Number of protein chains: 2
Amino acid sequence: MTSASQRPDAAKPAAPVGALAILAGEGALPVQVAAAAAAQGRKVLVVALEGPFDERLRAFDLEVVKWGQIGLLQDLCKRRGVTEIALAGSVTKRPDFRSIRLDMGAVRLLPRLLKGVVGGDDSALGFVAKLIEEMGYRVVGPYEVAPDLVAEGGAVAGPPMPNDLAEDVVCAMRAAKAIGALDAGQAAVSVSGRIAALEAAEGTDAMIHRVGALHADGRVKWRGRGGVLAKCAKPQQDLRLDMPAIGALTVEAVARAELAGIAIEAGRVMIVDRAETAAAAERTGTFVVAVDGP
Amino acid sequence: MTSASQRPDAAKPAAPVGALAILAGEGALPVQVAAAAAAQGRKVLVVALEGPFDERLRAFDLEVVKWGQIGLLQDLCKRRGVTEIALAGSVTKRPDFRSIRLDMGAVRLLPRLLKGVVGGDDSALGFVAKLIEEMGYRVVGPYEVAPDLVAEGGAVAGPPMPNDLAEDVVCAMRAAKAIGALDAGQAAVSVSGRIAALEAAEGTDAMIHRVGALHADGRVKWRGRGGVLAKCAKPQQDLRLDMPAIGALTVEAVARAELAGIAIEAGRVMIVDRAETAAAAERTGTFVVAVDGP
């Protein structure tokens, strides 16, 4: 299902042309992206959206903007010689649209934007990406700046995968891909070659918890640690804007549910804070492998 | 996905050749099947498995057998001129295999049975069906005896389907079929054209409850009654032995979750106790429609 053109080449960072702006939401991801770009000798501008952000971002050239300050964003990018913009971090606190005050830059862009966007079925993220491209910048994915965010096929963290769980890796990955094609979810759990859970609106963590409860009730049986969580990208997903992710919390949830391990799609699922994730996998005895999508 | 040969022809009951034996588990289904066969003027033998069964079965020629009494079952069938056997009703109380005492009939069949079954990956039901066929009887599905158990395409019960929910009917049905092909589950919920939940090991009722909880938390939004539960058969399912079913309890769970209605696959999903189901649909304002599988 994954063609060479769809699959980002994790080994090859984007050529550093001009400065990189990082539109930063919450969490550790913007810090990782900024640090990777800085380590490559690249000029970095971090533009944090008002609201909570990781304090470590203050180590970089940081500006804080309000929702609607598109003109300010443009000015900042122009002054710093920005050519590419990466979106990183989640935005859990949605703006109150009535309180957004569009600045002159936003008002100038609005007619072209509305023309391009109204009538489409873009997601909020798709809208932001169109806006950025309309401003003349290239949108890049965090994994293009920090290739270490994704894994090549093979062992990623924790103990080696037991051979008898290879079937569950394949089964769960195939199911996760199938429900991704339905635009329903990105994750599935397989136990003894049978699907135990499929993710939709409840999210990955709630699904893992459900399997743990079914196991505790004796409705899904295995001995010791068993079963595999697979997570992969939807075939139609724009990975620059929205890449599935796992992290230490995912590993801990999997261990609590007494599942044996995690399979992620190689090159198309982020490992947020790899050192912390690897430590959690080691501590809880949870294997993490990356495999090519089915 | 459904070819003409896979789809049972609900309008045409099996030709009544010889007596019909009904191997009866729990619930109302065996009563419905026995009553339908009797109404067709057919000789009926009800063989109830020890354990709870519907008292209304006492109105028919009834014998109670223990697990392992295969010889007795054969004698009974031979004496009544049985040519076909239908399995109906659930068996929630699994036998303790150590306490099963095989009678002579079972012991005689065992070598041939073991030869045919060991090494295969039959389910318990598939095993029973093979055993029956090994004994020389034809296995028929409850819907072949009582065609009213399944619905032709169109409105089935409750208020008319609102036009703006046609998209959710199609979306949920397509998802349910896709996860059936994965052998994961048989049901899905769609809200505003997006999949809200997919069934796996937790079962249909738990999945419906989950959507209700996500709605109550504001994580899946709709106004009033919205969203559709779809249920359909797996493409590879042997419908004679194991047909997906809905009933009054399904309708009530859907109404409690404030979902708008139910779509079942025409001809391939049973409506257990249709009058009671229709009454529940009417009382709770829940539409039930049958549609051809995608």
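Since we're looking at a predicted model, the values are computed, not measured.

The rules we used
Residues numbered from 1 in each chain as written. Chains lettered and ligands numbered in written order. Predicted model: local features only at pLDDT ≥ 70, side-chain atom pairs only at ≥ 80, totals over all residues. Heavy atoms only, no water. Helix = DSSP H or I, 4+ residues; strand = E, 2+ residues; numbered from the N terminus. Buried < 20%, exposed > 50% of the residue type's maximum accessible area, 1.4 Å probe, protein only. Contact = heavy atoms within 4.5 Å. Areas by Shrake-Rupley, 256 points an atom, 1.4 Å probe, with all protein chains shown as cover. Least-squares fit on C-alpha atoms with pLDDT ≥ 70 in both. Disulfide = S-S within 2.5 Å. Pairing = 2+ DSSP bridges. Axes fitted to C-alpha atoms, helices over the stretch in contact; angles between N-to-C directions. Salt bridge = Lys/Arg side-chain N within 4 Å of Asp/Glu carboxyl O.

(A) Structural view of the overall build of chain A. Helix and strand counts for chain A come out as 9 helices and 13 strands. Scored against the burial criterion, the 294 residues of chain A give a buried share of 51%. If you take every contact in chain A between residues at least 6 apart in sequence, the share linking residues at least 24 apart comes to 74%. Element-wise, carbon and sulfur atoms account for 55% of the exposed surface of chain A, whose accessible area totals about 13500 Å².

(B) Highlighting the relation of the copies chain A and chain B. Superposing chain A onto chain B takes a rotation of 180 degrees plus a shift of 0.1 Å along the axis, which leaves an RMSD of 0.1 Å. On this basis, the relationship between the two copies can be described by a two-fold rotation axis. The position closest to the rotation axis in chain A is occupied by the C-alpha of Leu198 of chain A, lying 3.0 Å away. Comparing interface residues between copies, 100% of those in chain A also sit at the interface in chain B, which points to an isologous, same-surface contact.

(C) Highlighting the state of the cysteines. Counted under the stated rule, the structure contains 0 disulfides over all chains. Free cysteine Cys171 of chain A: the closest other cysteine sulfur is in Cys232 of chain A, separated by 13 Å.

(D) Spotlight on the side chain of Thr250 of chain B. All names here are of chain B. The topology assignment puts Thr250 in helix H8 (residues 248-256). According to the relative accessible area criterion, Thr250 is buried, its value standing at 10%. Residue contacts for Thr250: discarding those within four places in its chain leaves Ile208, Leu229 and Ile262.

(E) Inspection of the sheet that holds strand S5 (residues 138-140) of chain B at higher detail. Residue and element names in this part refer to chain B. Taking strand neighbours across the sheet as the criterion, the 5 strands line up as S3-S2-S1-S4-S5 in an open arrangement whose pairing is parallel. Both outer strands of the open sheet, strand S3 (62-65) and S5, are each paired with one neighbouring strand and no more. Looking at each pair of strands side by side, their axes are set apart by 30 degrees on average, direction ignored. Inspection of the sheet shows strand S2 (residues 44-49) paired to S3 by 4 bridges, in the parallel sense. Counterpart to Val47 in the pairing with S3 is Glu63. In this fold helix H1 (residues 29-39) packs onto strand S1 (19-24), S2 and strand S4 (82-88), with an angle of close to 170 degrees to the strand it touches most, S1.

(F) Structural detail: the pattern of salt bridges. Counting across every chain of the model gives 32 salt bridges over all chains. A salt bridge links Arg210 of chain A to Glu202 of chain A, with the shortest nitrogen-to-oxygen separation between them at 3.0 Å. Comparing Arg210 of chain A with Glu202 of chain A shows no difference in burial state: the two are buried. A single salt-bridge network, built from bridges that share partners, covers Glu202 and Arg210 of chain A together with Glu202 and Arg210 of chain B.

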